[in-house]
Amino acid sequence: MQAGSAKQSTLLHKTIPIVVTRSVKGKFRNFKTAVMVLAYSIYFSLPWLPWARFSGDNQAVMFDLATRRFFIFDLIVYPQDIFWLAMLLFIAAALLFFTTGLIGRAWCGFFCFQTLWTDLFILIEQTIQGERNARLRLKKQPWNLEKIIKVGGSHFLMIAISFWTAVTFAAYFTHAPQFVRDLFTGHAADAGYITVLALTITTYAAAGLLREHICTLACPYARFQGVMYESDTLAVSYDTRRGEGEKGRTIPIVGLRTHEERQAQGHGDCIDCGFCVQVCPTGIDIRDGLQYQCISCGLCIDACNNIMDSVGYPRGLIRYDSESNLNNPIPKKPKLEWMRLKVLGYAAALLLMSGLLFYNIGTRAQTEITVQQVRQPLYTVLSDGNIRNRYQIHIVNKTEHAETYTLSAEGIPDSAIDLGNLPAIKVRAAKDLTLNLKINLSPEAARKTQEFDLIITPATQGAEPIKIETNFSSPK
Ligand code: SF4
Ligand code: SF4
């Protein structure tokens, strides 16, 4: 029992500590920073971008759950357009599979929210606490004023950013300026406070405390990414043959400093400096081969290239390369091998679904109408012998202005249409209306009529009439 507990505690001790990374300069680091700046600029500014519109708040992007409409600039998405969401999810999945098949986990390394927020929080630590060695020293030293200020200050900033991340997220679902005012004056809805609290805690916990453990222990994508890899997939790889040579890697001691000296003595180009391991956000050693913990961030490539430059060896000991190229007797220059069945299949699915989505958005009707026949009872025989059917018409006006509609019919006389006392069919901008319609036909006309067309015409000039095929029921 005791032995088990001790083992468990050792395992926990090994698992819980967070990797303390060293900073690095290079093109992958620059690209990551550029993506981070762009992603944060978009995420934090979008809810504050004003946008003139008549039927909702003047906010460029707003997922208005109260009126069940999503505003995305000039596009307004209604609940009836929910299949767009399904298409969007399919496109996202196809894009993920396509890029992974081509260049490995580019999403994880550069674009995933977990990566973006973790990267920022590491940057905060580096700025306040110093480089890797200083942070490791701080970790080991007992709590004193320096540690309280530096570690406490970093975590205070992380919590503040997590809080603003949560507020911004909630602001996408309501009028942002009003929500922030209400939040700080105690007038926001309970759901607002719960959302902000929950997201503050989860953001801080995931990016500030758990970090790489989310990628290596919690993320399911890390586990099934291998299915999408092929031998031609470009992945961050260590050139083992070049790095190890015949006699293995070794530090550059006297007589093994220059490239020529090492080659002559059968040693590889890896000088075993460990820089690639120290910069890795998941704490792995890429020299052990491709591992599921690798998020393809490319920072070890930057690190190794810097080392190769400093010792005067060729760059690219760690590089984006494919397994098949690395297995060549003399590896060629790595290139994108996209003429592969899987990649082409993902690309075709991506293009097809994206085209369909854009076509659907571009050709969406401005008015959506459904007609339902009332089936209880299917028909009524009136005192004058006429047959009456009743219908419910639901009109959604998806325009940004009030619309008036006229109702006519094909296959039955217009005089059969009975809208009661409704003087005109008017629907306000971005609203819907349900009306009750009666159709009264003489017994002879009813016998001949099984179907007819209802025609609903918007008054706006140039708007197309909408024709809806409708059943008419009568006694046999
Ligand atoms: S091994 Fe390299 S590419 Fe993979 S996560 Fe670590 S630093 Fe990033
Ligand atoms: S950075 Fe390059 S040289 Fe240094 S240990 Fe890693 S692979 Fe070897």
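Cut-off values and rules
Residues numbered from 1 in each chain as written. Chains lettered and ligands numbered in written order. Predicted model: local features only at pLDDT ≥ 70, side-chain atom pairs only at ≥ 80, totals over all residues. Heavy atoms only, no water. Near = heavy atom within 4 Å. Nonpolar A, V, L, I, M, F, W, Y, C, P; charged D, E, K, R; others polar. Buried < 20%, exposed > 50% of the residue type's maximum accessible area, 1.4 Å probe, protein only. Helix = DSSP H or I, 4+ residues; strand = E, 2+ residues; numbered from the N terminus. Pairing = 2+ DSSP bridges. UniProt positions renumbered as here; feature names shortened; annotations may be inferred. Salt bridge = Lys/Arg side-chain N within 4 Å of Asp/Glu carboxyl O. 1 Å grid on protein atoms, 1.4 Å probe; cavity = no way out; pocket = protein on both sides within 12 Å on 5 of 7 lines; lining within 4 Å. Points joined across faces, edges and corners; volume = space filled by probe spheres on them. Phe/Tyr/Trp six-rings, centres within 6.5 Å; stacked < 30°, edge-to-face > 60°. Lys NZ or Arg CZ within 6 Å of the ring centre and 35° of its normal. Polar contact = N/O pair within 3.5 Å; in protein donor to acceptor, adjacent residues only side chain to side chain. Contact = heavy atoms within 4.5 Å. Patch = residues over 30% accessible without salt bridge, like charges linked within 9 Å, V, L, I, M, F, W, Y side chains within 5 Å. Areas by Shrake-Rupley, 256 points an atom, 1.4 Å probe, with all protein chains shown as cover. Core = buried A, V, L, I, M, F, W, Y, C linked by side-chain atoms within 4.5 Å. Expected span 1.5 Å × (residues − 1).

Right, let's talk about the site of ligand 2 for a bit. In the region of ligand 2, the neighbouring residues are Tyr238, Cys270, Ile271, Asp272, Cys273, Gly274, Cys276, Arg287, Cys304, Met308 and Ile318. Class assignment for the residues of the shell around ligand 2 results in 8 nonpolar, 1 polar and 2 charged.

With that settled, consider the pairing of strand S5 (residues 318-321). Residues Ile318 and Tyr320 of S5 are buried on one face, and the alternating residues Arg319 and Asp321, pointing to the opposite face, are buried as well. Here strand S4 (residues 235-238) runs beside S5; their pairing, made up of 4 bridges, is antiparallel. Directly across from Ser237, in S5, lies its bridge partner Arg319.

For the rest of this paragraph, the subject is the UniProt feature "transmembrane region" (unreviewed entry) in the protein. UniProt records the feature "transmembrane region" (unreviewed entry) at residues 31-49, 82-103, 148-171, 191-210 and 343-362, using the numbering of this structure. A helix fraction of 79% and a strand fraction of 0% characterise residues 31-49, whose end C-alpha atoms lie 26 Å from each other. Helix makes up 100% of residues 343-362 and strand makes up 0%, while its end C-alpha atoms are separated by 28 Å.

Before going further, it helps to examine the pattern of salt bridges. Applying the stated criterion across every chain, the model contains 19 salt bridges. Here Asp272 and Arg287 are joined by a salt bridge, their closest N and O atoms 2.8 Å apart. Here Asp272, found in the loop between helix H13 (259-264) and helix H14 (275-278), pairs with Arg287, found in the loop between H14 and helix H15 (299-311); they are 15 residues apart in sequence, far enough to count as distant. Residue Arg287 is classed as buried on the basis of its relative accessible area, which comes to 11%. Of the charged contacts, one joins Arg319 and Asp321 as a salt bridge, the two residues approaching to 2.8 Å between their closest N and O atoms. For the pair Arg319 and Asp321, a shared accessibility class is recorded, and that class is buried. Three or more residues joined by partner-sharing salt bridges are found here, namely Asp81, Arg364, Glu368 and Lys398.

Quantified by volume, the largest pocket comes out at close to 1,100 Å³. Taken together, the elements giving at least two residues each to the lining of the largest pocket come down to strand S1 (61-64), strand S2 (69-72), strand S3 (75-77), helix H3 (82-103), helix H4 (106-111) and helix H17 (341-362). The element best represented in the lining of the largest pocket is H3, accounting for 11 residues. Residue composition of the lining of the largest pocket, grouped by class: 28 nonpolar, 1 polar and 4 charged. Taken as a whole, the second largest pocket holds about 730 Å³ of empty space. Together, 22 residues line the second largest pocket, and Tyr43, Phe113, Leu116, Trp117 and Phe169 are the ones closest to its centre. Secondary-structure elements contributing two or more residues to the lining of the second largest pocket are helix H2 (27-45), H4, helix H5 (113-129), helix H7 (145-171) and helix H9 (190-210). In terms of residue class, the lining of the second largest pocket is built from 18 nonpolar, 4 polar and no charged.

This paragraph deals with the packing of aromatic side chains. Summed over all chains, the structure comprises 21 aromatic pairs. Residues Trp107 and Phe113 carry aromatic rings whose centres are separated by 6.0 Å and whose planes lie at 90° to one another, so their mutual orientation is edge-to-face. Assessed through its relative accessible area of 58%, Phe113 is described here as exposed. Among the aromatic residues, ring-to-ring pairing joins Tyr40, Tyr43, Phe44, Phe63, Phe70, Trp117, Phe169, Tyr172 and Phe173 into one connected group. Residue placement shows Arg22 over the ring face of Phe275; its charged tip is 4.2 Å from the ring centre.

Moving on: the side chain of Thr115. When you line up the elements, Thr115 lands in helix H5. Of note is the side chain of Thr115, whose polar atom sits 2.4 Å from the backbone oxygen of Cys108. When near neighbours in sequence (up to four residues on either side) are disregarded, Thr115 contacts Lys32, Cys108, Gly109, Phe110 and Ile295.

Taken together, Val236, Cys280, Pro281, Thr282, Ile284, Ile286, Cys294, Ile295, Ser296, Cys297, Gly298 and Cys300 make up the full set of residues near ligand 1. Across the shell around ligand 1, the residue classes break down as 9 nonpolar, 3 polar and no charged.

A surface patch of nonpolar side chains, about 420 Å² in accessible area, is lined by Phe31, Trp107, Phe111 and Phe113. With respect to the element layout, Phe111 can be found in helix H4. Its relative accessible area of 35% is what places Phe111 among the partly exposed residues.

Counting residues in each nonpolar core, the largest one holds 35 residues, and the members touching the most others are Val236, Ile286, Ile318 and Tyr320. At the level of secondary structure, the elements contributing two or more residues to this core comprise H4, S4, H14, H15 and S5. Residues in contact with Tyr320, not counting those within four places in the same chain, are Phe28, Ile103, Phe110, Leu234, Ala235, Val236, Ser296, Ile301 and Pro334. Formed by 23 residues, the second largest nonpolar core is a distinct cluster that contains Ile369, Tyr391, Ile395 and Ile417.

This next bit is on H17. End to end, H17 covers 31 Å across 22 residues, agreeing with the expected 32 Å (1.5 Å per residue, within 8%). Against H3 lie the buried residues of H17.

This part is about the pairing of strand S8 (residues 387-397). For strand S6 (residues 367-373) and S8, the ladder comprises 7 bridges, and the chain directions are antiparallel. Note that in S8 the partner of Ile369 across the bridge is Ile395. Relative to S8, strand S7 (residues 380-381) is paired through 2 bridges, and the arrangement is antiparallel. Bridge assignment links Thr380 to a residue of S8, and that residue is Arg388. Where S7 folds back on S8, the antiparallel hairpin that results is connected by 5 residues, among which Gly385 adopts a positive phi of roughly 90°.

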